[in-house]
Amino acid sequence: MERILVLTSGGDAPGMNAAIRAVVRTGIYRKAEVWACHNGYQGLVKKDIFKLEKEDVAGCIQRGGTILRSSRCELFHEKKERDKIKRFLKQKDINNLIIIGGDGSFRGAATFSNEGGPKSVGIPGTIDNDILGTEYTIGFDTARNTALKAIDNIRDTAFSNSKYFLIEVMGQRAGFLAVDVGIAGGAEFILTPEFPLTAEKLAKKILAPRRKKESLIIVVAEAGKPGRSVRIADKLRKLTPFDYRVCILGHIQRGGSPTVVDREIASRMGNLAVEAILAGESNCMTALKGGHLTLSPFPGEKAHYRKLETDKLLKLGTILAS
Ligand code: ADP
């Protein structure tokens, strides 16, 4: 009997529960035992693992976050600690590890498998959608819908009170979220980590002759500096004759009931991860490429993440809001 252990690690994302459910139910369907631990690699360090049955994942598909909880784990960086876990999992006859998380979690899994630990297959989950090797990561669609709803709400009050707004969305290294919600929310300007715009250049664009508008929305990706929109607004106040309001959406974007897209893709990815690992695959993740579900090698080094390749969409956003 094959034994699979599933965990969620790193930043949580809506849709992870659908992936857990799919792993458990596909695993049992395939006559494997499915085990789990809480809080990512921390659960393994604590050797606190438990077996899951089909009913344990009932009623979780519509919930945001992860029922297995998630965390970061410094100790898993230490080989000595990983060796202890390796011995423990061998004792328990667990040869398969499914990790739902981001590229950091996959780096940990790859290191562990390469040292003789269990086979590992990842399911990419992050609202940033920036994992190299897949066009989609679980949580992205829910986050962009949550952010869009917030932008729509702000637009109502911005218009009624003739206000200029900077709305900060997540997106540590990549601007996928900012671009999508910027275009869908009719933002006048979109700032992403890949195509940064100084406050001076942005001020020039704001002051350039254009159609008179009652309000203005600027979407700003946090770009690894949460709160940066406050500093940009300070500068804009000095460089232009307008006042600016700032709204930082923050962790609101990480929670909430997952959308159809997230539940569906997470379910398919969970199913594929089990099929793949039972077929002997390892050191790879489920991925969406050209709209098709497939497997892709773990993304590797830290510097390797997916980013916006062109500023075409940013320009489109500006044209459409002109
Ligand atoms: P994410 O998976 O969301 O990118 P992190 O980068 O914080 O999140 O990684 C999550 C966890 O994965 C870390 O806390 C650590 O336990 C483990 N991890 C990350 N990189 C490595 C590595 N190079 N070696 C061992 N474990 C790692």
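(A) Layout of the packing of aromatic side chains. Per the counting criterion, the structure on display carries six aromatic pairs. Aromatic pair Phe106 and Phe298: ring centres 5.1 Å apart, planes at 25°, arrangement stacked. One end of the pair, Phe106, is in helix α4 (residues 103–114); the other, Phe298, is in the loop between β11 (292–297) and α10 (312–320), with 192 residues separating them in the sequence. Residue classification places Phe106 among the buried residues on the basis of a relative accessible area of 1%. Judged by its relative accessible area of 11%, Phe298 falls in the buried class. Ring centres of Tyr164 and Phe242 lie 4.8 Å apart, and the angle between their planes is 45°; on these two criteria the pair is classed as tilted. One end of the pair, Tyr164, is in strand β6 (residues 164–169); the other, Phe242, is in the loop between α8 (228–239) and β9 (244–248), with 78 residues separating them in the sequence. For Tyr164, a relative accessible area of 12% translates into the label buried. Joined through ring pairs, the aromatic side chains of Tyr41, Phe76 and Phe112 make up one cluster. For Arg306, the ring lying beneath its charged end belongs to Phe176, and the centroid distance is 4.2 Å.

(B) Local environment of the sheet that holds strand β2 (residues 33–37). Ordered in space as β3-β2-β1-β4-β5-β10-β11, the seven strands form an open sheet in which the pairing is mixed. Looking at the sheet topology across the chains shown, the edges are occupied by β3 (49–52) and β11. The mean inter-strand angle of the sheet, taken between neighbouring strand axes irrespective of direction, is 30°. In this sheet, β11 lies alongside strand β10 (residues 284–289) in antiparallel orientation, the contact comprising six bridges. If you follow Leu288 over to β11, its bridge partner there is Leu293. Across the face of the sheet, helix α1 (residues 16–29) comes into contact with β1 (3–8), β2, β3, β4 (96–101) and β5 (119–124) while running at roughly 160° to β4.

(C) The pattern of salt bridges, seen in detail. Tallied over the full model, the rule gives 20 salt bridges. One salt bridge connects Lys212 with Glu214, and the closest N-O pair in it is separated by 3.9 Å. A residue is classified by how much of its surface remains accessible, and Lys212, at 70% relative accessible area, is exposed. According to the relative accessible area criterion, Glu214 is partly exposed, its value standing at 38%.

(D) Geometry of helix α7 (residues 199–207). Buried residues of α7: Ala199, Leu202, Ala203 and Ile206, and no others. For α7, the buried positions fall inside an angular range of 105° around the axis, keeping them on one side. For α7, exposure combined with an orientation more than 90 degrees from the buried face picks out Lys201 and Lys204. Along its buried surface, α7 packs onto β6, β7 (189–191), β8 (216–221), α8 and β9.

(E) Structural context of the site of the ligand. Not every one of the 15 residues close to the ligand is listed here, only the nearest: Arg72, Cys73, Gly102, Gly104 and Ser105. Backbone polar atom of Gly11 to an oxygen atom of the ligand: 3.2 Å apart, as the coordinates give it. Asp103 places a side-chain nitrogen or oxygen 3.4 Å from an oxygen atom of the ligand. By residue number, the principal contributor to the shell around the ligand is α4, which donates five residues. Here the residues of the shell around the ligand sort into three nonpolar, eight polar and four charged.

(F) Representation of the domain arrangement of the chain in the model. By the assigned domains, the chain splits into domain 1 (3–139 + 258–297) and domain 2 (141–255). Relative placement of domain 1 and domain 2: their C-alpha centres are 34 Å apart. Taken together, the contact pairs 15 residues of domain 1 with 14 residues of domain 2. In total, about 1200 Å² of surface goes out of reach between domain 1 and domain 2, with carbon and sulfur atoms giving 47% of it. Here domain 1 and domain 2 share three salt bridges between them. The partner of Arg173 in a salt bridge is Asp103, and the shortest N-O contact between them spans 3.2 Å. The interface formed by domain 1 and domain 2 includes 13 residue pairs in polar contact (both at pLDDT 80 or more).

(G) The arrangement of the side chain of Thr134 in detail. Take Thr134: it is sitting in the loop between β5 and α5 (140–160). Judged by relative accessible area, Thr134 falls into the buried class, the value being 2%. A distance of 2.9 Å separates the side chain of Thr134 from the backbone oxygen of Tyr136, its partner in a polar contact. Not counting chain neighbours up to four residues away, the residues in contact with Thr134 comprise Pro124, Met269, Met285, Ala287, Leu288 and Arg306.

Rules used throughout
By convention here, each chain's residues receive numbers from 1 onward along its written sequence. Where local features are concerned, this predicted model is filtered to residues with pLDDT of at least 70; where side-chain atom pairs are given and counted, the filter is 80 or more; whole-chain, interface and lining totals use all residues. Side-chain metrics in this entry use all non-hydrogen atoms of the structure; hydrogen atoms and water are not considered. Between the rings of Phe, Tyr and Trp (Trp by its six-membered ring), a pair exists once the centres lie within 6.5 Å; its type follows the angle of the planes, with under 30 degrees stacked, over 60 edge-to-face, and the other angles tilted. Runs of H or I in DSSP of at least four residues are treated as helices and runs of E of at least two as strands, each being numbered from the N terminus. Type-normalised accessible area, obtained with a 1.4 Å probe on protein chains alone, sets the label of each residue: buried when under 20%, exposed when over 50%, and partly exposed for intermediate values. The rule is short: NZ of Lys or CZ of Arg within 6 Å of the ring centre and within 35 degrees of the ring normal puts a charge over the ring. Following DSSP output, two strands are said to pair if at least two bridges run between them. To get an axis, fit a line to the C-alpha atoms, keeping to the stretch in contact for a helix; angles then go from 0 to 180 degrees between the N-to-C directions. Note on contacts: a residue pair qualifies if any of its non-hydrogen atoms lie within 4.5 Å across the two residues. Here, a salt bridge means any Lys or Arg side-chain nitrogen found within 4 Å of an Asp or Glu carboxyl oxygen. Each direction from the helix axis to a C-beta atom contributes to the arc, which is the arc of those directions. When at least one non-hydrogen atom of a residue lies within 4 Å of a molecule or strand, that residue is treated as near it. Any pair of nitrogen or oxygen atoms within 3.5 Å is treated as a polar contact; in protein, a donor-acceptor pairing is required on top of that, and neighbouring residues in sequence qualify only through side-chain atoms on both sides. Under the scheme applied here, ten amino acids are nonpolar (Ala, Val, Leu, Ile, Met, Phe, Trp, Tyr, Cys and Pro), four are charged (Asp, Glu, Lys and Arg), and all others, including Gly, are polar. Where a domain begins and ends is set by an automatic assignment or by a domain database. Once two parts are put together, the accessible area they lose, assessed with a 1.4 Å probe and summed over both, is termed the buried area.

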